[in-house]
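# Geometric and topological summary
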Amino acid sequence: CPASSCLPFPPPKVRATHPDCSIVLYFHEQEAECLEIIRRESQTPARPGQQGCLTEWDGVSCWSAVPVGQSRAVACPNILHVFKKTEALIWRNCTESGWSFPSPPYYNACEVEAIGSNNDTEAKASYFVTMKVLYTCGYSTSLAALFLAIGIFSCFRKLHCTRNSIHIHFFTSFILRGAAVFIKDAILFSDESINHCTMSTVNCKAAITFFQYSVLANFYWLLVEGMYLQTLLLLTFTSDKRYICWYILIGWGVPMLTVCVWVVTRLQYDNHGCWDDYTSLYWWIIKAPILLAVFVNFLIFLNVTRMLAQKIWSPDISKNYKHQYMRLTKSTLLLIPLFGVHYVVFALFPEHIGVDVRLYFELVLGSYQGFLVALLYCFLNGEVQAEIKRNWGKWQSSMESNVFNLVTQDFAA
């Protein structure tokens, strides 16, 4: 029988990437190992006259085969933050009628960590519902702002340049990230009757793969923005279209290559569950490139800040250029928190530490990053504002001219 249904006590919830999955996955792994032993024993012919109890999985522990009249002892399950450490042993005797009942029973020998009262459970459920509402509002706001920003950059011909083309790719990566969160929630958590801990469908794996790709692309387009900002300063604000192909290759190509390697590795060596277990060592295939992008971005922004400071205080620079440099300095300092500083901090700690804070930064605050980027690069951009005002003035003049023509025609008639 399944491990979750054979437990002599209800499985407690623990803190992990998915708080309710750790204990379920632990027992599934133990059960799989025990069933493999049972399969090998069934293929080995028994010796004549030899009687005993065969290896058995009781839903909690694996009892190895022993002859009749002998006993076997096992320790309590070793699950961090679920069972308290104890030296107590559970015994079973092998009789002529089979295995005896565990003595002492699991619920007496294995003491469970305090998991809180019903009020605590209800409070946590309410907390996660609130979190979902907050990040849903955040991603919805960001998506609306990003689509509007892309429309503005695309509609006005004077805004067509390498810089704004990179911004559009950057906005698109945020759109993909927001869409990936909604798709993942819809597939993994839309039906409460489905156990997402053991879900292993093609749809859920595809959703997680798309989510990982969008996250990687988002970080690497952040890297491209930093690289382009440094290029602007080195080329004295002269954009070079020759670099755009390399930027696209870095922003979309590197994440695609990384995700392909990760997918092949998971299919070959770790193809279980829905691939959303961040405790797997193969998670570093995704994590390491992100940390590399964040680290390079940090170095770029240190260099950009140094270059801007030199240009601002240089007596050879005109006031007009100094104003442009000051504007870039402000944008740079505002964008530093967006370049994954919190990701580096959390990467230094195990996944089960600081889950609430991690969720708040990655889901709630992270959901509004797209809106903030659209605000900085588009809505507060003086060039964009001037172009909108100019076209708005032309439209008003055109409307007034049309009205005047209509009035004149009526008067002449």
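Residues numbered from 1 in each chain as written. Predicted model: local features only at pLDDT ≥ 70, side-chain atom pairs only at ≥ 80, totals over all residues. Heavy atoms only, no water.

## Quick look at the side chain of Glu 225
Heads up, the condition is: Segments assigned H or I by DSSP are reported as helices when at least four residues long, segments assigned E as strands when at least two residues long, and all are numbered from the N terminus. Only protein chains enter the calculation, and the probe is 1.4 Å; a residue is then buried if its accessible area is under 20% of its type maximum, exposed if over 50%, and partly exposed in between. His is not counted, nor are the chain ends, whereas Lys and Arg count as positive and Asp and Glu as negative. Note on definitions: salt bridges are taken to be side-chain nitrogens of Lys or Arg within 4 Å of carboxyl oxygens of Asp or Glu. A 3.5 Å cut-off defines polar contacts: any pair of N or O atoms within that distance qualifies, except that in protein one atom must be a possible hydrogen donor and the other a possible acceptor, and neighbouring residues in sequence count only when both atoms are side-chain atoms. In what follows, a contact means two residues having at least one pair of non-hydrogen atoms within 4.5 Å.
Secondary-structure assignment places Glu 225 in helix H6 (residues 202-234). The side chain of Glu 225 is buried and forms no salt bridge, while Arg 163, the nearest opposite charge, is found at 8.1 Å. For Glu 225, the side chain forms a polar contact with the side chain of His 167, separated by 2.8 Å. Beyond its immediate chain neighbours, meaning those up to four positions away, Glu 225 contacts Ile 166, His 167, Phe 170 and Tyr 377.

## Quick word on the state of the cysteines
In plain terms, the rule: Note on disulfides: each one is a pair of cysteine sulfur atoms within 2.5 Å.
Summed over all chains, the structure comprises four disulfides. Shown here is the disulfide that connects Cys 53 with Cys 94, its sulfur atoms set 2.1 Å apart. The sign of the S-S torsion, about 100 degrees, decides the handedness of the disulfide formed by Cys 53 and Cys 94: right-handed. Highlighted residues: Cys 53 in strand S1 (residues 52-53) and Cys 94 in strand S6 (residues 89-95), separated in sequence by 41 residues. In this structure Cys 94 comes out as buried when scored by relative accessible area, which is 3%. Residue pairing for Cys 76: its cysteine sulfur links by disulfide to Cys 110, the two sulfurs lying 2.1 Å apart. Measuring handedness by torsion sign, the sulfur bridge of Cys 76 and Cys 110 sits at about -95 degrees and is left-handed. In this pair, Cys 76 sits in the loop between strand S5 (71-75) and S6 while Cys 110 sits in the loop between helix H3 (106-109) and helix H4 (118-155), placing the two residues 34 residues apart along the sequence. Note on Cys 76: relative accessible area 13%, which makes it buried.

## Points about the sheet that holds strand S7 (residues 98-99)
Put simply, the rule reads: Strands pair, by our definition, only if DSSP identifies at least two bridges between them.
The strand order across the open sheet built from three strands is S5-S6-S7, with neighbouring strands paired in antiparallel fashion. Sheet topology places S5 and S7 at the edges, where each strand pairs with a single neighbour. Of the strand pairs in this sheet, S6 and S7 are connected by two bridges, and their pairing is antiparallel. If you follow Thr 95 over to S7, its bridge partner there is Gly 98.

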